[in-house]
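Each chain, written out:
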Amino acid sequence: MTTSFEKTPGWLDWYAGPSRPEFRLPDGAVDAHCHVFGPGAEFPYAPERKYTPCDASKDQLFALRDHLGFARNVVVQATCHGADNTAMVDALRASGGLARGVATLRPDVTDAQVRELHGAGVRGVRFNFVKRLVDAAPKQDLLDIVEKIAPYGWHVVVYFEAADLADLRDFFLSIPVPLVIDHMGRPDTAKDPDGPDFEAFLNFMRARPDIWCKVTCPERLSVSGPPALDGEQRAYRDVVPFARRVVEEFPDRVLWGTDWPHPNLTDHMPDDGLLVDFVPHIAPTPELRRKLLVDNPMRLYWPDAD
Ligand SMILES: O=C(O)/C=C(\CC(=O)C(=O)O)C(=O)O
């Protein structure tokens, strides 16, 4: 039986025909945050999902990787696939070792299942606290999951909004494995990057040396734009000071990724080539760029590669 899905109204398709970046990525660069969606007919979307995406297959992801000049991908499970990691795992297996994954798990996951995911290339589990994307999970369930993944050396990826950090901070710090924060904890970029809100985020990062941060998603965080479209080389200027502060203070624990195929965007869909051109603005030296794009993701996801 073939299932057909209708995309959530207003949701934009990913940008076909992205430009070739002017910024040449360093050899071995990793797109450390991207997704695969379906295709729904082959890998159905989860019944509990809050949105229905447009399909974005592994082959389309790998074509984008090659077009932009990345060597590897980290494929992050998105909520529209719930805890069914099949599409993501299928992408990892097809990548010939060039993709690692971050899964969503339920607390009843067995050791055999975790071991199989590890064998496929999964290295982390994602806990999502963004209310428009998921219903809240009991904290004890999450800690039970941590106990199951810790023996495999995995980390926990957390996705939350800035306003919720104060409530979540102690819970996060009780998680006894490395943490990776999605999209800088979604700061309000209309506020001062040197003000108390972002300082609270930086303080959280200072609390432990194994808290990493993805300096990703300017297209979601920008208030004043301009968008990465039509050759715009000064896109998302308002996000730059936030990301740059993180990169400069924590150069050895930052990651970057495209977030392709950019779920849930309704305002505009960025040209991924121009998104890559955003990177030198937040990582202004070749050394910072090498750490952000190559050394750090390789240490976290391919520690055994030479
Ligand atoms: O692509 C992202 O990281 C961000 C998302 C989607 C998401 O995380 C999910 O569905 O799991 C968002 O903010 O809507």
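As recorded by an unreviewed UniProt entry, the protein carries the name 2-pyrone-4,6-dicarboxylate lactonase and is attributed to Streptomyces nymphaeiformis. Per UniProt, the protein carries the Sequence similarities (unreviewed entry) text "Belongs to the metallo-dependent hydrolases superfamily. PDC hydrolase family." According to the UniProt record, the Catalytic activity (unreviewed entry) comment for the protein reads "2-oxo-2H-pyran-4,6-dicarboxylate + H2O = (1E)-4-oxobut-1-ene-1,2,4-tricarboxylate + H(+)".

Caption draft 1: Looking closely at helix 5 (residues 165-173). Buried within helix 5 are the following residues: L165, L168, F171 and F172. Down the axis of helix 5, the smallest arc covering the buried residues is 125°, so these residues share one side. Exposed side chains of helix 5 directed beyond 90 degrees from the buried face belong to A166, D167 and D170. Buried residues belonging to helix 5 abut helix 4 (139-149), strand 5 (155-159), strand 6 (179-181) and helix 6 (196-206).

Caption draft 2: Fine view of the pattern of salt bridges. In the structure shown here, the tally under the stated rule is 23 salt bridges. Residues R65 and D66 are paired through a salt bridge, measuring 2.9 Å at the closest nitrogen-oxygen approach. Judged by relative accessible area, which is 48%, D66 ranks as partly exposed. Of the charged contacts in the structure, one is a salt bridge between R206 and E199, with a shortest N-O distance of 2.8 Å. By relative accessible area, R206 is classed as partly exposed at 33%. The class of E199 is partly exposed, set by a relative accessible area of 24%. Via salt bridges that share partners, D194, E199, R206, R245 and E249 belong to a single interconnected network.

About the cut-offs
- Residues numbered from 1 in each chain as written.
- Predicted model: local features only at pLDDT ≥ 70, side-chain atom pairs only at ≥ 80, totals over all residues.
- Heavy atoms only, no water.
- UniProt positions renumbered as here; feature names shortened; annotations may be inferred.
- Buried < 20%, exposed > 50% of the residue type's maximum accessible area, 1.4 Å probe, protein only.
- Helix = DSSP H or I, 4+ residues; strand = E, 2+ residues; numbered from the N terminus.
- Arc of directions from axis to C-beta.
- Contact = heavy atoms within 4.5 Å.
- Salt bridge = Lys/Arg side-chain N within 4 Å of Asp/Glu carboxyl O.

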